[in-house]
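Descriptive structure summary
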Amino acid sequence: MTASRRYSGKTADERRAERRLALLGAALDIWQEQGWAAVTMRGVCARANLTDRYFYESFANRDALLATAWEQVRDETLRMVLDAVAAHIERPALEQLRAALDVVVHHAQEEPARAQILFGDHAGSAVLEQLRRQTVQETTGLLIELARPHLKPDVDGLEFRVNVLLGIGGFVEIMLAWRSGLLDADADTLVDHLTGVGTSLSRMFLKSSAEGEIPAD
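Now for a description of the structure that goes with this document. All values derive from a computational prediction rather than experimental measurement.

1. Focus on the layout of surface pockets
- Roughly 930 Å³ of volume is contained in the largest pocket.
- Leu-97, Leu-101, Thr-139, Leu-143 and Ile-168 are, among the 42 residues lining the largest pocket, the residues nearest its centre.
- Broken down by secondary-structure element, the contributors of at least two residues to the lining of the largest pocket are helix H4 (62-86), helix H5 (93-110), helix H6 (112-119), helix H7 (126-147), helix H8 (157-179) and helix H9 (187-202).
- With 10 residues, H8 is the largest single contributor of residues to the lining of the largest pocket.
- Considered class by class, the residues forming the lining of the largest pocket number 30 nonpolar, 10 polar and 2 charged.

Right, dumping it as structure tokens:
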């Protein structure tokens, strides 16, 4: 097999991957500075010092770039959540929930520009609105699986899904309101309140205190 031709010690595939990362990084920078609507093909190319031709080498259009940028931040956030839960895997479910809420809320406080990618106003972008709805559903499924070992044996699956979906959708709206200044609370206080809501929603589904979960009524 003929070896790939190299330029400056890199193959064509390696250079293509570098250009894609440069475009994605430029898009994320502009998004964090000015919002998603400011992410344009020409603006991203100018920030990355690349021509239009290289944009279309990696992305079919602007929506494809926006989707890729959003998915990258979403995946980073989900990894933080899973790491937080894994660090408390031997603890009761509500302690795992608090750990997950704590890492997301504090990350949003510490990196507000980054947080606007997930918890910003996406009105006007059909692709971002669709990704948000899809992620709410996927996160609901993920949390149901994480909670399964802690559930009572007779839990109604549909009822539990409805409550988890309510919690995830409500969390997204609360984060939007908090970031917009509509909720006057620091991160620790917000985590306390969110954990309280999670406790209320989950009380009928989790095992009793005898099995290491929440106190029985």
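Past the structure itself, the notes keep going.
2. Some remarks on unusual backbone geometry
- Backbone geometry places Asn-49, a non-glycine residue, at a positive phi of 60°.
- In this fold, Asn-49 is placed in the loop between helix H2 (41-48) and helix H3 (52-58).

3. A word on the packing of aromatic side chains
- Throughout the structure, instances matching the rule amount to 4 aromatic pairs.
- Geometrically, the ring pair formed by Phe-55 and Tyr-56 is edge-to-face, given 5.2 Å between the ring centres and 80° between the ring planes.
- An aromatic cluster is built from Phe-55, Tyr-56 and Phe-59, whose rings are joined through pairwise contacts.
- Over the face of the ring belonging to Tyr-54 we find Arg-53, whose NZ or CZ atom lies 4.3 Å from the ring centre.

4. Section: the packing of H5 against H8
- As a packed pair, H5 and H8 sit with axes 11 Å apart at the nearest point and diverge in direction by 25°. On the basis of the axis angle, H5 is roughly parallel to H8. As H5 packs across H8, the resulting crossing turns out to be right-handed. Residue-level inspection shows Leu-101, Val-104, Val-105, Ala-108 and Gln-109 of H5 in contact with H8, the latter providing Phe-171, Met-175 and Trp-178.
- Among the residues forming the contact of H5 with H8, the class breakdown is 7 nonpolar, 1 polar and no charged.

Conventions we followed
Residues numbered from 1 in each chain as written. Predicted model: local features only at pLDDT ≥ 70, side-chain atom pairs only at ≥ 80, totals over all residues. Heavy atoms only, no water. 1 Å grid on protein atoms, 1.4 Å probe; cavity = no way out; pocket = protein on both sides within 12 Å on 5 of 7 lines; lining within 4 Å. Points joined across faces, edges and corners; volume = space filled by probe spheres on them. Helix = DSSP H or I, 4+ residues; strand = E, 2+ residues; numbered from the N terminus. Nonpolar A, V, L, I, M, F, W, Y, C, P; charged D, E, K, R; others polar. Phe/Tyr/Trp six-rings, centres within 6.5 Å; stacked < 30°, edge-to-face > 60°. Lys NZ or Arg CZ within 6 Å of the ring centre and 35° of its normal. Axes fitted to C-alpha atoms, helices over the stretch in contact; angles between N-to-C directions. Parallel < 35°, antiparallel > 145°, perpendicular 65-115°, else oblique. Left-handed = near helix turned anticlockwise from the far one by under 90°. Contact = heavy atoms within 4.5 Å.

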